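Secondary and tertiary structure notes
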Amino acid sequence: MANNNNSKQMKQYGLSAFLPLIIFLGIYLGAGILFAALGYGGDSFKQISRVAALVVGLLVCLLMGGKERSLEHRMDAYCQGMANADTMIMIVIFLLAGGFSGVASAMGGVESTANLGLSLVPHQFVFVGIFIISAFVATAMGTSMGTISAIGPIAVAVAEAANANMGVAIAAVLGGAMFGDNLSMISDTTIAATRGAGCNMRDKFKMNGLIALISAIITCVLLTFVGSGNAQISGTFEYDIVKVIPYLFILVFALTGVNVFFLLLAGIAVAGVVGLVTGSLTIVGISQGMVSGMAGMYEICIVTLMMRGMSGIVRDLGGIDWMVSKMVSKVHTRKGAEYMISAMVSLFDLALGNNTIAIILAAPLVRDMAAEHNIAPKRVASLLDIFACVVQGLIPHGGQILLCITLTELSPFTIMGHGYYMFILAIVTIITIQFGLMRTKEEKQGIKLYDENNEPIAALCK
């Protein structure tokens, strides 16, 4: 295997070590922009997949390193990047989360959860209600795309029937979806942020939740006065309260600190039992739902492995050390470090159009800086997840906006202009950075939260 100490004695490439990543971004983004110009619309960024672009990045990785790094050394560095424990745990969680979502969806949990919320919404607060329902569904399901797919058509129908502002309607769904995606215990962004920062989900939820809740309340107040007019929800929304139980199970027990592996396995079992009891699933149906849900996570697993492998090459070539030294030289305060963390993940998401991958890329780059300024891991995870979700909910080439365009045929800029939750979330978070809010007791007392290797000290990071 490649030896990090030996690699530091070899030629260090600095900025050029990021060439594989730059080429990957150039192919993926360049192709997406080209196909958009050719009129492919919402499918523009699907024509050349991220995986195909990463394969080219892998080829570049294997060609770099000069004579002092053999092909075997480069392959070892690539594989070391993929094979760390955090990456493997992340992938298993992705698969289990997909399995739970697949079984719960197959037994009708999504429809029942959405319809339960819609049946309880007061007519005068129709878009506030849609925002809250989307937030709850996304928090339970762990997917913003699934939430938009489930709630978006209902919001569109309401807006059309009441002659209300369509942009506000679909943006309310989008905002709620990003709220849940940012907080959900089974969201891939939460998994990536907590594993990358080295904290547990419950602590990140508490840190992140207060900021998100304040932003959501302000958004609800704003939505009360904007766009709904005389809009009303009409129709019959049938639901089976029993089918909501798996989602409530995940939400409640995740907050108690249950091990995420056991939680997701138990969630799959609960969803399966509910499906059998209600007659909506058979044993075969449970198996197929679980496999289908896991299959939906295969690409993110592959992308995660290849991204981490690429980061291994970048680190071996000295790129990470160069990046950290540049960042540290420009950052002299905790406030500056928090702004840098936020900016880095935002730029990655702007480039990639995928908040999970942006977090996966940014997390290892900011770890040393967070340790230097003793920023609590849960704060790091919170900043990574918040700004990745903010940017993801506003960029025109992101899957969420593209899906909203497909449902409404509105301009992406119209939808973005009504993305109140994302703007408010960013402002509230920036306020916490600017005024030094959300510091933990340990941080205030000056207790070091990282060891000599810049790894979080678990016993102190509560």
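All of the points below concern the structure found in this document. Predicted model, so just to flag it, every value in this text is computed and none were measured. (Residues numbered from 1 in each chain as written. Predicted model: local features only at pLDDT ≥ 70, side-chain atom pairs only at ≥ 80, totals over all residues. Heavy atoms only, no water.)

Turning to the overall build of the chain, a few remarks are in order. Counting secondary structure elements, the chain contains 23 helices and 0 strands. Relative to its 462 residues, the chain shows a buried fraction of 56%. For the chain, the share of sequence-separated contacts (at least 6 apart) that also reach a separation of at least 24 residues comes to 79%. (Helix = DSSP H or I, 4+ residues; strand = E, 2+ residues; numbered from the N terminus. Buried < 20%, exposed > 50% of the residue type's maximum accessible area, 1.4 Å probe, protein only. Contact = heavy atoms within 4.5 Å.)

A few words on the pattern of salt bridges. The tally for this structure, following the rule as stated, stands at 5 salt bridges. The shortest N-O distance in the salt bridge between R69 and D316 comes to 2.9 Å. A residue pair is termed long-range when its members are at least 10 positions apart, and R69 in the loop between α3 (50-63) and α4 (71-82) and D316 in helix α15 (residues 298-316) qualify at 247 residues. Each member of the pair, R69 as well as D316, carries the same accessibility label: buried. Across the pair E443 and R334 runs a salt bridge, and its minimum N-O distance is 2.5 Å. On the criterion of sequence distance, the pair formed by E443 in helix α23 (residues 441-445) and R334 in helix α17 (residues 334-352) is long-range, its members being 109 residues apart. (Salt bridge = Lys/Arg side-chain N within 4 Å of Asp/Glu carboxyl O.)

As a further point, take a nonpolar patch on the surface. Taken together, the side chains of L213, I217, V221 and F225 define a hydrophobic patch exposed on the protein surface, amounting to about 440 Å² of accessible area. When you line up the elements, F225 lands in helix α11 (residues 201-225). A relative accessible area of 70% means that F225 is categorised as exposed. (Patch = residues over 30% accessible without salt bridge, like charges linked within 9 Å, V, L, I, M, F, W, Y side chains within 5 Å. Areas by Shrake-Rupley, 256 points an atom, 1.4 Å probe, with all protein chains shown as cover.)

Ranked by size, the top nonpolar core spans 132 residues in total, and within it F24, V380 and L384 carry the most contacts. With 12 residues, the single largest contributor to this core is helix α18 (residues 355-372). (Core = buried A, V, L, I, M, F, W, Y, C linked by side-chain atoms within 4.5 Å.)

With 13 residues, helix α14 (residues 283-295) should reach 18 Å at 1.5 Å per residue; the first-to-last C-alpha distance of 18 Å fits that figure. Along α14, the positions that sit buried rather than exposed are G285, I286, G289, G293 and M294. The buried side chains of α14 occupy one side of the element, clustering within an arc of 165° when seen end-on. Opposite its buried face, α14 presents the exposed residues I283, V284, Q288 and S292, each directed more than 90 degrees away. (Expected span 1.5 Å × (residues − 1). Arc of directions from axis to C-beta.)

What follows concerns the packing of helix α2 (residues 19-37) against α3. Put simply, α2 and α3 touch, their axes get as near as 8 Å, and they point 150° apart. Here α2 lies roughly antiparallel to α3, going by the angle between them. By crossing handedness, the relation of α2 to α3 is classed as right-handed. Across the interface between the two elements, L19, P20, I23, F24, I27 and Y28 from α2 touch R50, A53, L54, V56, G57, V60 and C61 from α3. Looking at the contact of α2 with α3 residue by residue, the class counts come to 11 nonpolar, 1 polar and 1 charged. (Axes fitted to C-alpha atoms, helices over the stretch in contact; angles between N-to-C directions. Parallel < 35°, antiparallel > 145°, perpendicular 65-115°, else oblique. Left-handed = near helix turned anticlockwise from the far one by under 90°. Nonpolar A, V, L, I, M, F, W, Y, C, P; charged D, E, K, R; others polar.)

Turning our attention to unusual backbone geometry. Excluding glycine, residues mostly have negative phi values, and the peptide bonds linking residues are mostly trans. The phi dihedral of N374 is positive, around 55°, even though this residue is not glycine. Position of N374 relative to the elements: it lies in the loop between α18 and α19 (377-392). Located in the positive-phi region is M438, a residue other than glycine, with phi close to 65°. Mapped onto the elements of the fold, M438 is located in the loop between α22 (420-434) and α23.

In this section: the packing of aromatic side chains. One pass over the full model with this rule turns up 4 aromatic pairs. Their ring planes at 5° and their centres at 6.3 Å tell us that F24 and Y28 sit as a pair that is stacked. Placement of the pair is F24 and Y28 together in helix α2, with a separation of 4 residues, close to one helical turn. Each of the two residues, F24 as well as Y28, counts as buried. An aromatic cluster is present here, built from F131, F179 and Y421 joined pairwise through their rings. (Phe/Tyr/Trp six-rings, centres within 6.5 Å; stacked < 30°, edge-to-face > 60°.)

Running from N to C, helix α9 (residues 166-183) and α22 cross one another at 45°; their axes reach a closest spacing of 7 Å. Comparing their axes, α22 and α9 come out oblique. Residues V168, L174, G175, M178, F179 and N182 of α9 form the contact with α22, whose own contacting residues are Y420, Y421, M422 and L425. When grouped by side-chain class, the residues that make up the contact of α9 with α22 number 8 nonpolar, 2 polar and no charged.

By the element assignment, A362 lies in helix α18. Separated by 14 residues in sequence, A362 and F348 place their C-alpha atoms 7.4 Å apart. When neighbours within four sequence positions are excluded, A362 is seen to be in contact with M344, V345, F348 and L384.

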